[in-house]
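# Fold and geometry: a report
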Amino acid sequence: MKKAISAKEAAAMVKDGMTIMVGGFLAAGSALNVINAIAEGPAKDLTIICNDASYPEKGSGKLIAAGKVKKLIASHIGTNPLAVEGLNNKTLEIEFVPQGTLAERVRAGGAGLGGVLTPTGLGTMIEEGKEKVVVDGKEFLLEKPLHADIAILGASVADENGNLIYRGTTNNFNPMMATAAELVIAEAKEIVPVGAIAPEQVHTPALFVDYLVQA
């Protein structure tokens, strides 16, 4: 059986300066209880990798509101005025990454690849400081892989071994982030006995999951 822990115990694993991947999209598919516990805990100067800045009162945005985030790597921040304010007054470093590129960079990190080539971002601010590669006469940006110290995932269902299912849009970013971090914590809405999930239904195998939190 995977070690079941509380949200506070999960948050205690987060230390100053760590890089944290947060799964989901606008808090759907995010580990909300674990995020709340991190927001209330002592860890600071975090780098957060997620699709978006969510909202000030929910999801990854709550970490920004609590002053825990030093850098955010995301595809958009428009739903969180505190993130916009942090960008404008330079108290929050933000690296904008096109959504598909962000997913591919995380996937590359989990797969052990040296990066991905994409034309997305050519001729925009996204290409600044990045290497360009020409393949068959066509120019691409080399986007380097992303890794994290901890990935915090929000699952719909987990079994006691840590096999995970994500329903609907909660599937966003969670499966690939599970492969790209040193430590993986999954917060599941429902935890069922081993054998209750058919093998072909599993989105993230237990191999990748270190700890389970009951939502």
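This text goes with the structure placed above it.
Quick look at the structure, then. These numbers come from a predicted model, not from an experiment.

Thresholds applied
Residues numbered from 1 in each chain as written. Predicted model: local features only at pLDDT ≥ 70, side-chain atom pairs only at ≥ 80, totals over all residues. Heavy atoms only, no water. Helix = DSSP H or I, 4+ residues; strand = E, 2+ residues; numbered from the N terminus. Buried < 20%, exposed > 50% of the residue type's maximum accessible area, 1.4 Å probe, protein only. Contact = heavy atoms within 4.5 Å. Lys, Arg positive; Asp, Glu negative; His and termini not counted. Charge placed at Lys NZ, Arg CZ, Asp CG, Glu CD. 1 Å grid on protein atoms, 1.4 Å probe; cavity = no way out; pocket = protein on both sides within 12 Å on 5 of 7 lines; lining within 4 Å. Points joined across faces, edges and corners; volume = space filled by probe spheres on them. Nonpolar A, V, L, I, M, F, W, Y, C, P; charged D, E, K, R; others polar. Expected span 1.5 Å × (residues − 1). Polar contact = N/O pair within 3.5 Å; in protein donor to acceptor, adjacent residues only side chain to side chain. Core = buried A, V, L, I, M, F, W, Y, C linked by side-chain atoms within 4.5 Å. Pairing = 2+ DSSP bridges. Axes fitted to C-alpha atoms, helices over the stretch in contact; angles between N-to-C directions.

### Re the overall build of the chain
Counting its secondary structure elements, the chain contains 6 helices and 12 strands. Summarising its shape, the C-alpha atoms of the chain cover approximately 55 × 40 × 25 Å along the three principal directions. The burial tally for the chain puts 47% of its 215 residues in the buried class. Considering only residue pairs separated by 6 or more positions, the chain has 70% of its internal contacts joining residues 24 or more positions apart. Positive and negative side-chain charges in the chain, numbering 19 and 24 respectively, have mean positions lying 3 Å apart.

### A closer look at empty space enclosed by the protein
Here the structure, examined in full by the defined rule, presents 1 cavity of 30 Å³ or more. Lining the largest cavity are 13 residues, with Leu26, Ala27, Ser30, Asp52 and Ser60 positioned closest to its centre. Within the lining of the largest cavity, the residues separate by chemical class into 5 nonpolar, 7 polar and 1 charged.

### Observations concerning helix H5 (residues 99-111)
The terminal C-alpha atoms of H5 lie 18 Å apart, and with 13 residues this matches the ideal 18 Å at 1.5 Å per residue to within 8%. For H5, every residue scored as buried is listed here: Thr101, Leu102, Ala103, Arg105, Val106, Ala108 and Gly109. Of the residues trailing H5, Gly112 is marked for its positive phi of about 75 degrees.

### Considering the side chain of Thr204
When you line up the elements, Thr204 lands in the loop between strand S11 (181-192) and strand S12 (211-214). Polar contacts involving the side chain of Thr204 include one to the side chain of Tyr166, which spans 2.7 Å. Residues within four places of Thr204 in sequence aside, it is in contact with Gly162, Asn163, Leu164, Tyr166, Pro175, Ala178 and Val209.

### Topic: the nonpolar core
Membership of the largest hydrophobic core comes to 33 residues, with the highest contact counts inside it found for Ile20, Val34, Ile38, Ile48, Leu72 and Ile150. Contributing elements (two or more residues each) for this core: helix H1 (7-12), strand S2 (19-22), helix H2 (32-40), strand S3 (46-49), helix H3 (60-65), strand S4 (69-74), strand S9 (148-159) and S11. Ranked by the residues each element gives to this core, the list is headed by H2, at 5 residues. With residues near it in sequence (within four places) discarded, Ile20 still touches Val14, Thr47, Ile48, Ile49, Ala148, Ile150 and Ile152. Ile73, Val106, Leu146 and Ala158 belong to the second largest nonpolar core, which has 25 residues in total.

### Re the pairing of S11
Where S9 lies against S11, 10 bridges are found, and the strand directions are parallel. Bridge pairing in S11 links Ala158 to Ile191. As defined by bridge partners, S11 adjoins S12 across 4 bridges and the pair is classed as parallel. Note on S12: the bridge partner recorded for Glu187 is Val213.

### Details of the sheet that holds strand S8 (residues 138-143)
Picture the strands of a sheet paired through backbone hydrogen bonds; they go either parallel or antiparallel. Judged by pairing direction, the sheet is antiparallel, and its 3 strands sit side by side in the order S6-S8-S7 without closing on themselves. Lying at the two open borders of the sheet, with one neighbouring strand each, are strand S6 (116-118) and strand S7 (132-135). When strand polarity is set aside, the average angle formed by the axes of neighbouring strands in this sheet is 45 degrees. Relative to S8, S6 runs antiparallel, the two sharing 3 bridges. By the bridge assignment, Thr118 is partnered in S8 with Leu141. The strands touched by H5 are S6 and S8; relative to S6, the strand with the most contacts, the crossing angle is about 165 degrees.

### A look at the environment of Lys130
As for its placement among the helices and strands, Lys130 is situated in the loop between S6 and S7. Lys130 sits 14 residues away from Lys144 along the chain, and the two C-alpha atoms are 9.2 Å apart. With residues near it in sequence (within four places) discarded, Lys130 still touches Leu141, Leu142 and Glu143.

### Some details on unusual backbone geometry
Residues other than glycine seldom take positive phi values, yet Lys90 does so here, at roughly 65 degrees. Looking at where Lys90 falls in the secondary structure, it is placed in the loop between helix H4 (81-88) and strand S5 (93-96). Unusually for a residue other than glycine, Asp136 sits at a positive phi of about 50 degrees. Tracing the chain through its elements places Asp136 in the loop between S7 and S8.

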